[in-house]
Amino acid sequence: MRLIDEDEVRERLTYEVCIPIVRAAMIALSSGETRQHLRSIIPLAEGRMFGIMPGALGERAAFGAKLISIFPANFAQGKPSHQGVVILFDPETGAPVCVAHAGEVTAIRTAAASAVATDALARPEATHLAILGYGEQAQTHLRALRHVRPISHVTVWGRSPDRGGAFAARMAAETGLPVVAADDVESAVAQADIICTVSGADEPILKGAWVRPGTHLNLVGSSRAGPAEVDDDLVAASRFIADSREGVLAQGAEFLRAKASGRVGDDHVVGEIGQVLSGAIPGRQSADQITAYKSLGHIVQDLASVQALMSRGA
């Protein structure tokens, strides 16, 4: 059995490699080529969770699952919050043939998926990126989005000013870009063309009144029903596109809150990003439209990424 550890994933699953893989996986999911079940989440003590995500890349293609723990307190200790394994099975024999480090795969492919959505939905001239959160996904999103838009300014906000400032300094040194820590969310997004919400917020931190016309949003931090990062006004005002429509209707917290308040119905989720990429539905319809991509994460993205690593590393 092939074992792909954290270091190998980080070295070989670059954004140049992963972005096209994820793009193809999105199209395949929306076309019905791949299959996946809704993730199953077991709540644990102190906000910890254990998640199981099964899927298949096709009827006669590789299949498998991701088993992952989410321990939010790890971040303060300098440890990954997401840890686990992606297991890939051979479609001919049914044997498990590969185990890969799920935390690193998840970190890279999640940001790559937001990059794909940003490329499809953000205005071509978008240059100012705002990031709400300063954890692992904040840094991977900054790295990934530079591959699809000419990012020239970055603002970041987080609950701890010291950690937000440290993140800004670290990423400015890495990227050579002006990365500025904002005092509050409103000022962080005031000039933004692209906003990525990658926080651990339980209640909305971003209000629709603060978002400029023409902004593109990647809503990433909440991956289950319950915690929501943006308010009902922003959901209602945006062209709302899912990674998986079935998933968002069942587990997309921001959409479910807006629906429960009576602001939107199921038809507000206009479709999936894979349908936009294939040309089945339009993405952005005007320069001043607010677009929102709700990311819950596809197991088929994980499986496709691991399959690529396995086949290219054999």
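Just so we're clear, the structure is a prediction, and the values are computed from it rather than from any experiment. (Residues numbered from 1 in each chain as written. Predicted model: local features only at pLDDT ≥ 70, side-chain atom pairs only at ≥ 80, totals over all residues. Heavy atoms only, no water.)

J.: Tell me what's going on with helix α2 (residues 15-31), and back it up with residues and numbers.
T.: An ideal rise of 1.5 Å per residue puts 24 Å on 17 residues; α2 measures up with 24 Å between its terminal C-alpha atoms. Every buried residue of α2 is accounted for by Tyr15, Cys18, Ile19, Ile21, Val22, Ala25, Met26, Ala28 and Leu29. Following α2 by one or two positions, Gly32 has its phi on the positive side, about 85°. (Helix = DSSP H or I, 4+ residues; strand = E, 2+ residues; numbered from the N terminus. Expected span 1.5 Å × (residues − 1). Buried < 20%, exposed > 50% of the residue type's maximum accessible area, 1.4 Å probe, protein only.)

J.: Could you give an account of the packing of aromatic side chains, with specific residues and numbers?
T.: Summed over all chains, the structure comprises two aromatic pairs. Aromatic pair Phe63 and Phe89: ring centres 5.3 Å apart, planes at 5°, arrangement stacked. Highlighted residues: Phe63 in strand β5 (residues 63-70) and Phe89 in strand β6 (residues 82-89), separated in sequence by 26 residues. The partly exposed category is assigned to Phe63, whose relative accessible area is 31%. A residue is classified by how much of its surface remains accessible, and Phe89, at 25% relative accessible area, is partly exposed. Ring geometry for Phe240 versus Phe255: centroids 6.4 Å apart, planes at 35°, classification tilted. Within this pair, whereas Phe240 is found in strand β13 (residues 239-242), its partner Phe255 is found in helix α9 (residues 253-260), the two being separated by 15 residues in sequence. (Phe/Tyr/Trp six-rings, centres within 6.5 Å; stacked < 30°, edge-to-face > 60°.)

J.: Can you tell me about the packing of helix α4 (residues 136-145) against helix α5 (residues 161-175), naming the residues and giving the values?
T.: Packing of α4 against α5 brings their axes to within 11 Å, and their N-to-C directions diverge by 30°. Viewed along their axes, α4 and α5 adopt a mutual orientation that is roughly parallel. Relative to α5, the crossing made by α4 is right-handed. Contact with α4, carried on its side by Ala138, Gln139, Leu142 and Arg143, involves Phe167, Arg170, Met171, Glu174 and Thr175 of α5 and no other residues of that element. Tallied by class, the residues present in the contact of α4 with α5 amount to four nonpolar, two polar and three charged. (Axes fitted to C-alpha atoms, helices over the stretch in contact; angles between N-to-C directions. Parallel < 35°, antiparallel > 145°, perpendicular 65-115°, else oblique. Left-handed = near helix turned anticlockwise from the far one by under 90°. Contact = heavy atoms within 4.5 Å. Nonpolar A, V, L, I, M, F, W, Y, C, P; charged D, E, K, R; others polar.)

J.: Which residues make up the pairing of strand β9 (residues 153-157), and what are the values?
T.: The element β9 is extensively covered by neighbouring structure, given that four of its five residues are classed as buried. As paired strands, strand β8 (residues 128-132) and β9 are joined by five bridges and run parallel to one another. Paired with His128 across the two strands is His153, which belongs to β9. On the question of chirality, the crossover connecting β8 to the parallel β9 by way of α4 is right-handed. Alignment of β9 against strand β10 (residues 179-181), held across three bridges, turns out to be parallel. Its bridge partner being in β10, Val156 is matched across the sheet by Ala181. Crossover connection from β9 via α5 to parallel β10: handedness right-handed. (Pairing = 2+ DSSP bridges. Right-handed = clockwise from strand over helix to strand, strands pointing away.)

J.: Explain the nonpolar core to me, using residue names and the numbers behind them.
T.: In this structure, Met26, Leu129, Ile131, Leu142, Val179, Ile194 and Ile273 are the most contacted members of the largest nonpolar core, which totals 66 residues. Ranked by the residues each element gives to this core, the list is headed by helix α3 (residues 102-121), at 10 residues. Dropping the residues within four chain positions of it, Ile273 is found in contact with Met26, Ala117, Ala120, Leu121, Ile241, Ala242, Asp243 and Tyr293. Counting residues in each nonpolar core, the second largest holds 28 residues, with Val185, Val211, Phe240 and Val269 among its members. (Core = buried A, V, L, I, M, F, W, Y, C linked by side-chain atoms within 4.5 Å.)

J.: Which residues make up the pairing of β5, and what are the values?
T.: Within a regular strand, the side chains alternate between the two sheet faces. β5 sits mainly inside the fold: six of its eight residues count as buried. Where strand β4 (residues 49-56) lies against β5, eight bridges are found, and the strand directions are antiparallel. Residue pairing in the sheet places Gly55 in a bridge with Gly64 of β5. Two successive antiparallel strands, β4 and β5, enclose a turn made up of six residues. Where β5 meets β6, eight bridges bridge the pair, whose relative direction is antiparallel. Within β6, the position partnered with Ala65 by the bridge is Ile87.

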